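Take a look at the letters that make up each chain.
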Amino acid sequence: MSKKAAKKGFTAGLGQLTIPLVAIAILVIFNLIRDPSFFSIEIKHNIDGNSVLAGNLITVINGASELAILAMGMTLVTAACGGQDISVGAAAAIAGSVFVKVLKSGASINAGTVILAFLLACIVAMIFGAFNGTLVAVFNIQPMIATLILYTCGRSIAYWINGGATPTVDSGIVKAIGGFIPGVPIPTPVIIVVVMAIIFKLLFHFTSLELLTQSVGINGSAARLNGINPTFIKLLSFIILGVCVSVAGCIGVGRLGLINHETLLLDVEMDTILAVAIGGNNLGGGKFKILGSIIGAYVIQTLTITLYAMNVSSTDVKAYKAIVIILLVVIGSPVVKKKFEKFMAGRASKKAASEAKGA
Amino acid sequence: MQEESLLQMRHIMKRFPGVLALNNVDFTLRKGEIHALMGENGAGKSTLIKILTGVYQMDGGEIKVEGENVTIRSPQDAQKGGISTVYQEITLCPNLTVAENMFIGRDEKLWVRNKEREKKADEILTSLGIPARARQQLGDCSLAVQQMVAIARAVDMKCKVLILDEPTSSLDDKEVNMLFDLMRDLKSKGVGIIFVTHFLEQVYAVCDRITVLRNGELVGEYLVEDLPQVQLVAKMIGKELDELSSMGEGVEKKTVNNEVFYEAKGLSSSDALSFDFSIRKGEVNGFTGLLGSGRSESVRAIFGADKVNSGEVKVNGQQVKITKPIDAMKHGIGYLAEDRKRDGIIADLSVRENIILALQVLNGVFKPISRSEQEAFADEYIKALNIKTASRETPIGSLSGGNQQKVILARWLLTHPDYLILDEPTRGIDVGTKLEIQKLVLKLAEEGVSVTFISSEVEEMLRTCSRLIVMRDRHIVGELKGADLNQAQVMKTIAGGESGHE
Amino acid sequence: MKKRFNVLLLAAILVLSFALSACSSSSSDNKSTEATKGTEATKSTEAPKPADKLIKVGVVNNPPSESGYREANVKDMEAVFSKDNGYELKTAYSLKNDEQLQAAQGFITDGVEYLLISAAETTGWDEVLKKAKEAGIKVYLFDRMIDVSEDLYEAAVVSDMAKEGDTAVQWLLDQKLDEYNVIHIQGAMGSDAQIGRTGALDKQFESGKMNKVVQQTATWDEAEAKKIVETVINSGKDFNVIYAENDGMAKGAVAALDEAGIKHGVGEKVIVMGFDCNKWALRELLAQKWNYDGQCSPFQAQIISDIIQGKKTVTDKKIINEEKGFDAKTLTQADIDTYGLGE
């Protein structure tokens, strides 16, 4: 009985993940037809002599790391508040700037200073998250409007922190964060995504946050009458997103060893929201699946890399991306879903009827 | 008789998911009559009006205007059929002139002659005795006049049936009288008026007939002079529910312990005026009164659902502070909210999640109930309360109203409360489930749980409660016990001293 | 009541946050106004020395937060037109043309002697410049041209982006490689810098002297540049030149090379070219990891100062600022200190 129920639960979960999974499958098949070696993985020796994995598949998985991490936090905010944070890119620039600033203010860069710098970046990002969260949770401002403020001024704030256009950090440790840890062939950002995913999994396992967040997102009024503090839950979701933002920002810095407040994770907020949407999560809040958003992030990245590989000019890439994303979002919309269900139900009943006739 | 009938609605049916909103309702409006449509919230009067104005489509029945069948698919259809509505809120444009408001959206021609239009508007206004001029800005007129302009617009659109939906709720006495004069004037011109209001006195001041709905069913149509105010109240809150009256006789409900569980002095909230209240262990009491009398607001204050302003609260003799729901829950109080959809269910979540929600919140964020425990709890209560659901993982939103209510009940029962407040637990659910819930209340009381039970159906409360607190105009106006617990006494207390229509 | 309080608080927060966002420009404004205040103060205390009158200069510029280029440009202006050099400097920074126009108007009313402008847009300046001329104020344009008749300004010290591109491409041709397989990473399409830097290379692609492996815009984004190069590497196409239209994108490209273990720099397989001459980029050159860095010079202040002080005469009103291009083989630490942008 319980096994059957568990299986039912699994298939119910698959319902939400169907579209992103199908999307990624189509992209993979398309690429394999186009170029059978597209996903071949090879081992290369990088400049430091490490053996590392390389190939388009690695580029996709690696490149989507920041997006995937941001999408995890964004899913939570979306679920609790029924809206999205559009300041994640700007906030990541701030976090990255703090990270670099702390690193550069010390005499030398070692593991200790990197951890300290990361923690400080985290705290700053959480404070900005709390600022957004307060506007949303306490003052009931639409999340997109509330976060518009930080979206507008965030990169200027990052500029002051930098005190210059593009400070660079030259450190093996920072490089390892955005690249490879010596002796490990898997890109570090990918490892960080896995770690973050596990942290979220544990968070939901050892706390009832998932249930509380969903309750607040679906019916805040009822949640309040069940003793939940919706304000706190919403605020918390923004603070957790702040942590994700700082992790993404630090990876971004690590990739190139420099912080450019204007271009670090530029336009990532829209991709993040799309990842959440493609993942089958309701942008109006409520039930959510973080795994869906992560897959959504990889869908977007696969799409981008595919287009690059096809030599589509990067100015056109955005247009093509938009077309595919419109398709995905429309297919996943409740209207189409309902129509589809009706169609399937109609077919099933017709089939049943004809079978009955046959019998 | 048949000739003078203007509008006939026959056997109107309307189904919403889980609820039969209108069941075989008839309604007749005659020429030159003001007809009050009465009923408590959820009785079906707004559904009936929305069908008539084309907002909803009926599932069955027929509508005749002047003896001819009409189909109303949209508000435009209704207007073409001569049915106009004036709503509680003004739906005109305050920054346009009176004349523009009267003709806007009606001129088929692009070319509009302002002068002509204003002249015509002035004529209509004068003929109806409305104190407004065509060139005046609508926003400069008083609310009553604005309402009258809306009516003038409707009248000029050759309306035969005029629906006034709570038109008087924002008007003062003088303005109400102005409006009534206009209504009588229209009546003499042969217009049929459907008047929806919560003010009983106004019904008796201006109406000719009254149709009462309850629970989506027609209670009856009466001439005003045949139906005194007390009887109207009785019809609205339902004393004719005879099939239920046999139940409950066998159950001894007066087993009241002497220990006071909860006591409040001078409790008030943002929505409730200051009141005193106490309940004993194992007692079932009720708050009664018409809609808007403050009964829900008072129990919400007990639970801390609205912002609590003042009051001294004791639980088990200990002074405590209850300012938000979680405080109340920690002191063993549970609250089943009046509006199940808005304040009760978490629609997209499964039955299981809805059942364990309150207990989970009470346990705290860091002590999640394990999946297997959740399933065990859910199964236990699905069985105990006989909840009809495909599985425990079915979203609660797809259950029928009665089963949703049972899930919410299960949610609170799972927290093993000492005191359970049930606000309209039986509204909009079928008779069988109503019975089950009433039985459950009595069983809980026997186990020593204090229960406050609120229902629009007085019969139900009489069957379950050993004490009734009667409210009117947000004040407690009486407390009925023992021998006083009968229909007549309740009606009398609710209707108050000014029920001089008898 | 409570609602009103909330609204007030919200308003306060909004104002605060906008004030914060506006600070990037106002902080530098404050500095400059403080500087002027300072000079006024000294003027009043040292009133008996009118002969040493400072030359009043008003500068209308884009805000330093715009780019590293602008930051260097603003710093250069402030350094050259300092009190020590005999100037009283007033500055106004904005990305918006109408705000710039207002500021210029203000400077005219203030009675500056020289008005220096780097306009946000090329149009709309006629009126103001005519007023300046009537008031006897001499106008200099720097960095960017404006669409007005030549007699409304004294001189325009500008960069020639096309020349900058030509210089870089000429350097590349001088390397005399057997084959040129170029990855061309462009800046934001349509910007002056992109058009100038792309044009020179496009000519080579057309003539067939160089092969275009890929030509894509990364819109000045380092990470995007890295992705583009990664994709090329993954596709297995051969290349030996990376021509990135700014330093950041060159750095992104190099990161992709490093990850794939492809050697680059002086004497290695892949030639790396960047633009802007950030100090950190020049240091890469010095370390022989990059090959070339071109610059669109942000240093126009000295030329204008020389003209004002009569040390230089204007023959052609359009003065093309000298553009630098650095070869890793000849670059010195002194060059980095003098010409490098940033820190």
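A quick note: this is a predicted structure, and the numbers were derived from the prediction, not measured. (Residues numbered from 1 in each chain as written. Chains lettered and ligands numbered in written order. Predicted model: local features only at pLDDT ≥ 70, side-chain atom pairs only at ≥ 80, totals over all residues.)

Asker: Go over the sheet that holds strand 15 (residues 318-320) of chain B, please, and point to the residues and values.
Answerer: Residue and element names in this part refer to chain B. Strands sit in the order 12-11-14-15 across an open sheet of four strands; the sheet is antiparallel. Looking at the sheet topology across the chains shown, the edges are occupied by strand 12 (275-280) and strand 15. Looking at each pair of strands side by side, their axes are set apart by 15 degrees on average, direction ignored. Here strand 11 (residues 260-269) runs beside strand 14 (residues 308-315); their pairing, made up of six bridges, is antiparallel. Directly across from Glu263, in strand 14, lies its bridge partner Lys314. Its contacts with the sheet put helix 10 (residues 295-303) on strand 11, strand 12 and strand 14, and the angle it makes with strand 11 is roughly 115 degrees. (Pairing = 2+ DSSP bridges. Helix = DSSP H or I, 4+ residues; strand = E, 2+ residues; numbered from the N terminus. Axes fitted to C-alpha atoms, helices over the stretch in contact; angles between N-to-C directions. Contact = placed C-beta atoms within 7 Å.)

Asker: An account of the nonpolar core is requested, with residue identities and associated values reported.
Answerer: Counting 309 residues, the largest nonpolar core has A:Ile94, A:Ala95, A:Phe99, A:Ala125, B:Val149, C:Ile183 and C:Ala253 as the members making the most contacts within it. Among the elements that take part in this core, helix 11 (residues 230-256) of chain A stands out by supplying 16 residues, more than any other. Formed by 39 residues, the second largest nonpolar core is a distinct cluster that contains C:Val60, C:Tyr93, C:Ala132 and C:Leu141. (Core = buried A, V, L, I, M, F, W, Y, C linked by C-beta atoms within 7 Å. Buried ≥ 20, exposed ≤ 12 C-beta atoms within 10 Å, placed from the backbone.)

Asker: Could you give an account of the pairing of strand 20 (residues 475-481) of chain B, naming the residues involved and the relevant values?
Answerer: In regular strands, side chains alternate between the two faces of the sheet. Residue and element names in this part refer to chain B. Here strand 19 (residues 467-472) runs beside strand 20; their pairing, made up of six bridges, is antiparallel. Within strand 20, the position partnered with Val470 by the bridge is Gly478. Remark: two residues form the turn of the hairpin made by strand 19 and strand 20, two consecutive strands paired antiparallel; Asp473 in that turn has positive phi of roughly 50 degrees.

Asker: For the sheet that holds strand 2 (residues 87-93) of chain C, give the residues involved together with the corresponding values.
Answerer: All names here are of chain C. As summarised here, the arrangement of the six strands in space is 2-1-3-4-5-11, forming an open sheet in which the pairing is parallel. With partners counted over all chains shown, the strands left at the sheet margins are strand 2 and strand 11 (318-320), one partner each. Pairwise comparison of adjacent strand axes, ignoring direction, gives a mean angle of 20 degrees for this sheet.

Asker: Before we move on, could you go through the interface of chain A and chain C and cite the residues and values that matter?
Answerer: Residue-level contacts link 36 residues of chain A with 38 residues of chain C. Of all elements in the fold, only strand 1 (42-45), strand 2 (51-54), helix 2 (56-63), helix 6 (143-162), helix 11, helix 13 (290-309) and helix 14 (314-331) of chain A reach the threshold of two or more residues within the side of chain A that touches chain C. Counting residues per element, the side of chain A that touches chain C draws most heavily on helix 6 of chain A, which supplies six residues.

Asker: So what about helix 6 (residues 192-207) of chain C? Which residues, and what values?
Answerer: Residue and element names in this part refer to chain C. Compared with an ideal rise of 1.5 Å per residue, which puts 16 residues at 22 Å, helix 6 spans 23 Å between its outermost C-alpha atoms and is within 8% of the ideal. The largest bend in helix 6 is about 30 degrees, located at Gly199. Buried within helix 6 are the following residues: Ala193, Gln194, Gly196, Arg197, Thr198, Ala200 and Leu201. Next to the buried residues of helix 6 lie helix 5 (161-174), strand 6 (181-186), strand 8 (241-244) and strand 9 (271-275). (Expected span 1.5 Å × (residues − 1). Bend = angle between axes of the 7 residues up to and from the residue.)

Asker: How would you summarise the environment of C:Ile303 if you had to cite specific residues and measurements?
Answerer: Residue and element names in this part refer to chain C. Checked against the element boundaries, Ile303 lands in helix 10 (residues 301-308). A tally of 21 C-beta atoms within 10 Å means that Ile303 is categorised as buried. As a C-alpha pair, Ile303 and Val157 span 146 residues in sequence and 7.8 Å in three-dimensional space. Once residues within four sequence positions are removed from consideration, Ile303 is found in contact with Val157, Lys312 and Ile319.

Asker: Help me get a handle on the domain arrangement of chain C, residues and values and all.
Answerer: Domain annotation for chain C reports domain 1 (24-158 + 298-312) and domain 2 (161-296 + 326-339). Between the C-alpha centres of domain 1 of chain C and domain 2 of chain C there is a distance of 35 Å. (Domains from an automatic or database assignment.)

Asker: Give a detailed account of helix 6 of chain A, specifying residues and quantitative values.
Answerer: Residue and element names in this part refer to chain A. Its 20 residues place the ends of helix 6 28 Å apart at the C-alpha level, agreeing with the 28 Å of an ideal helix rising 1.5 Å per residue. Along helix 6, the helix axis deviates most sharply at Cys153, where the bend reaches about 45 degrees. With 14 of its 20 residues buried, helix 6 lies for the most part within the structure. Once helix 6 ends, the next one or two residues include Gly163, with phi positive near 65 degrees.

Asker: How would you summarise the environment of A:Gly332 if you had to cite specific residues and measurements?
Answerer: Residues and elements named next belong to chain A. Topologically, Gly332 is positioned in the loop between helix 14 and helix 15 (334-358). Sequence separation of Gly332 and Gly280 is 52 residues, and the distance between their C-alpha atoms is 6.8 Å. Once residues within four sequence positions are removed from consideration, Gly332 is found in contact with Ile19 and Gly280.

Asker: So, the packing of helix 13 of chain A against helix 7 (residues 222-235) of chain C: which residues are in play, and what are the values?
Answerer: Where helix 13 of chain A contacts helix 7 of chain C, the two axes come as close as 9 Å, and the packing angle between them is 65 degrees. Considering how the two elements wind past one another, helix 13 of chain A and helix 7 of chain C form a crossing that is right-handed. Listed contacts from helix 7 of chain C to A:Ile305, A:Tyr308 and A:Ala309 of helix 13 of chain A are C:Lys227, C:Ile228, C:Thr231 and C:Ser235. Here the contact of helix 13 of chain A with helix 7 of chain C is built from residues that sort into four nonpolar, two polar and one charged. (Left-handed = near helix turned anticlockwise from the far one by under 90°. Nonpolar A, V, L, I, M, F, W, Y, C, P; charged D, E, K, R; others polar.)

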